[in-house]
Amino acid sequence: MRGSTDQFDDRARETMLDGNAAAGVLSDIFGADMTAETAQCTHCGNVAAMGTTHAWMEGPGIVLRCSICAEVVIRVVETPEARYIDARGAAYLRLPPR
């Protein structure tokens, strides 16, 4: 799945949603609606709202990919013991003021 979204196979395209699908989980994690908040992709530098990422929700976790370069921005996996968040693909996440 590396590279532009044109390189996604048919199955990946069929299951791809936009980042708004992860709104509830992101809100639980960050305590705010994150869909309109921006993040910068570490890989290509794209700055965009989290709602514009490409989301896969069906796996053992959630994967949010950059809408420009298709690299992973954020992964979230929940187990009975913990929630794991990997945001290495985001140079930053903008959070609203409290």
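The sections below set out a description of the structure shown in this document. (Residues numbered from 1 in each chain as written. Predicted model: local features only at pLDDT ≥ 70, side-chain atom pairs only at ≥ 80, totals over all residues. Heavy atoms only, no water.)

## Thoughts on the pattern of salt bridges
Following the criterion strictly, the structure yields four salt bridges and no others. With a shortest N-O distance of 3.2 Å, Asp 86 and Arg 75 are connected by a salt bridge. In this pair, Asp 86 sits in strand β7 (residues 83-86) while Arg 75 sits in strand β6 (residues 72-78), placing the two residues 11 residues apart along the sequence. On the accessibility criterion, Arg 75 (37% relative accessible area) is partly exposed. Between Arg 88 and Asp 86 there is a salt bridge; the shortest N-O distance is 2.7 Å. Exposure remark for Arg 88: the relative accessible area of 66% places this residue in the exposed category. A single salt-bridge network, built from bridges that share partners, covers Arg 75, Asp 86 and Arg 88. (Salt bridge = Lys/Arg side-chain N within 4 Å of Asp/Glu carboxyl O. Helix = DSSP H or I, 4+ residues; strand = E, 2+ residues; numbered from the N terminus. Buried < 20%, exposed > 50% of the residue type's maximum accessible area, 1.4 Å probe, protein only.)

## Let's talk about the sheet that holds strand β3 (residues 47-49)
Here three strands make up an open sheet; going across it, the order is β3-β2-β8 and the pairing antiparallel. Each of the sheet's edge strands pairs with one partner strand only, and the pair in question is β3 and β8 (90-93). The mean inter-strand angle of the sheet, taken between neighbouring strand axes irrespective of direction, is 25°. (Pairing = 2+ DSSP bridges. Axes fitted to C-alpha atoms, helices over the stretch in contact; angles between N-to-C directions.)

## Overview of the nonpolar core
If you look at the biggest cluster of nonpolar residues, it comprises 16 residues, and the most contacted ones within it are Leu 26, Met 50, Ile 62, Leu 64 and Ile 74. Elements supplying a minimum of two residues to this core: α2 (23-30), β2 (38-41), β5 (61-65) and β6. A per-element tally of this core places β6 first, with three residues. In this structure Met 50 touches Gly 19, Leu 26, Met 34, Thr 35, Glu 37, Ala 39, Leu 64, Ile 74 and Leu 93, once residues within four positions along its chain are discounted. (Core = buried A, V, L, I, M, F, W, Y, C linked by side-chain atoms within 4.5 Å. Contact = heavy atoms within 4.5 Å.)

## Topic: the packing of aromatic side chains
Evaluation of the coordinates by the stated rule reveals zero aromatic pairs. Stacked on the ring of Trp 56, the Lys or Arg Arg 65 has its end atom at 6.0 Å from the ring centre. (Phe/Tyr/Trp six-rings, centres within 6.5 Å; stacked < 30°, edge-to-face > 60°. Lys NZ or Arg CZ within 6 Å of the ring centre and 35° of its normal.)

## Looking at the sheet that holds β6
Spatially, β1-β4-β5-β6-β7 is the arrangement adopted by the five strands of the open sheet, whose pairing is antiparallel. Either end of the sheet is taken by a strand with one partner, and the two such strands are β1 (17-18) and β7. Summarising the sheet, β5 and β6 pair through five bridges and their orientation is antiparallel. Pairing of Arg 65 across the sheet is with Val 72, part of β6.

## Considerations on the environment of Ala 70
Looking at where Ala 70 falls in the secondary structure, it is placed in the loop between β5 and β6. With relative accessibility at 0%, the residue Ala 70 sits in the buried group. Placed 27 residues apart in sequence, Ala 70 and His 43 show a C-alpha to C-alpha distance of 9.2 Å.

## Describing the side chain of Thr 35
Mapped onto the secondary structure, Thr 35 falls in the loop between α2 and β2. Once you skip the residues sitting within four places of it in the chain, Thr 35 turns out to touch Gly 19, Asn 20, Ala 23, Ala 49, Met 50 and Gly 51.

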